[in-house]
Amino acid sequence: QVQLVESGGGLVQPGGSLRLSCAASGNIFNFYAMGWYRQAPGKERELVARITSGGITLYAESVKGRFTISRENTQNTVSLQMNSLKPEDTAVYYCKAIRLGATDFWGQGTQVTVSS
């Protein structure tokens, strides 16, 4: 069992920045990928960004050029740098440890609110 704990959420004005972090209790290098997902009220959970153990990244079109995902394998952390935030980025953000052919692990989520 792997525990994922997100931090760094909060309230920010449009155009501002936040950095989310996800700390894993186990070795994240063992996972196929680590990802950030988000869920806004009344909407389905969606992929924001993910990064494989080899460092290959994938971003949702809506965040390309504004968000950057990174991982630090020695510290078992994954971060999401979010710049130029928009009100539509408001959501609960979840960290996910992705495994091939096995159950994935989710964090408990952290709230991000973009509002003036």
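Residues numbered from 1 in each chain as written. Predicted model: local features only at pLDDT ≥ 70, side-chain atom pairs only at ≥ 80, totals over all residues. Heavy atoms only, no water.

Asks: If you had to explain the overall build of the protein chain to someone new, which residues and values would you point to?
Replies: Helix and strand content of the protein chain: zero helices and eleven strands. In terms of C-alpha radius of gyration, the protein chain reaches 13 Å, essentially the compact-globule figure of 13 Å for 116 residues. For the protein chain, buried positions account for 44% of its 116 residues. Sequence-distant contacts, at least 24 apart, represent 54% of the contacts inside the protein chain between residues at least 6 apart. About 6000 Å² of surface is accessible on the protein chain, with carbon and sulfur atoms providing 48% of the total. Side-chain charges in the protein chain split into 11 positive and 8 negative, and the spacing between the mean points of these groups amounts to 2 Å. (Helix = DSSP H or I, 4+ residues; strand = E, 2+ residues; numbered from the N terminus. Rg over C-alpha atoms; globule rule 2.2 N^0.38 Å. Buried < 20%, exposed > 50% of the residue type's maximum accessible area, 1.4 Å probe, protein only. Contact = heavy atoms within 4.5 Å. Areas by Shrake-Rupley, 256 points an atom, 1.4 Å probe, with all protein chains shown as cover. Lys, Arg positive; Asp, Glu negative; His and termini not counted. Charge placed at Lys NZ, Arg CZ, Asp CG, Glu CD.)

Asks: So what's going on with the packing of aromatic side chains? Residues and values would help.
Replies: This structure, assessed with the given rule, holds three aromatic pairs. Measuring from centroid to centroid gives 6.1 Å for Phe 31 and Phe 105, while their planes differ by 80°, and the two rings are edge-to-face. Placement of Phe 31 in the loop between β3 (18-24) and β4 (33-39) and of Phe 105 in strand β10 (residues 105-106) is noted, with a sequence separation of 74 residues between them. Per residue, the accessibility class of Phe 31 equals that of Phe 105, and both read buried. Geometrically, the ring pair formed by Tyr 94 and Trp 106 is edge-to-face, given 6.3 Å between the ring centres and 90° between the ring planes. (Phe/Tyr/Trp six-rings, centres within 6.5 Å; stacked < 30°, edge-to-face > 60°.)

Asks: Tell me about the side chain of Arg 71, and name the residues and values.
Replies: With respect to the secondary-structure elements, Arg 71 resides in strand β7 (residues 67-72). Notably, Arg 71 is buried but unbridged: the nearest opposite-charge side chain belongs to Glu 72, and the N-O separation is 8.7 Å. Among the polar contacts made by the side chain of Arg 71, one reaches the main-chain carbonyl oxygen of Ile 51 at a distance of 3.2 Å. One polar contact links Arg 71 to Asn 73, side chain to side chain, over a distance of 2.9 Å. Sequence-distant contacts of Arg 71, that is, excluding residues within four places in its chain, are made with Ile 28, Phe 29, Ala 33, Met 34, Ile 51, Thr 52, Ser 53, Thr 77 and Val 78. (Salt bridge = Lys/Arg side-chain N within 4 Å of Asp/Glu carboxyl O. Polar contact = N/O pair within 3.5 Å; in protein donor to acceptor, adjacent residues only side chain to side chain.)

Asks: So what about the state of the cysteines? Which residues, and what values?
Replies: The tally for this structure, following the rule as stated, stands at one disulfide. Linked covalently through their sulfurs, Cys 22 and Cys 95 form a disulfide whose S-S length is 2.1 Å. Here the disulfide of Cys 22 and Cys 95 is left-handed, its torsion about the S-S bond being about -80°. Taken together, the positions of Cys 22 in strand β3 and Cys 95 in strand β9 (residues 91-98) put the pair 73 residues apart, joining distant regions of the chain. Each member of the pair, Cys 22 as well as Cys 95, carries the same accessibility label: buried. (Disulfide = S-S within 2.5 Å.)

Asks: Outline the sheet that holds strand β8 (residues 77-82), listing residues and values.
Replies: Across the sheet, which stays open at both edges, the four strands sit in the order β1-β3-β8-β7 with antiparallel pairing between neighbours. Two strands lie at the open edges of the sheet, namely β1 (4-7) and β7, each paired on one side alone. Here the strands of the sheet are splayed against their neighbours by 15° on average, with no regard to which way each runs. (Pairing = 2+ DSSP bridges. Axes fitted to C-alpha atoms, helices over the stretch in contact; angles between N-to-C directions.)

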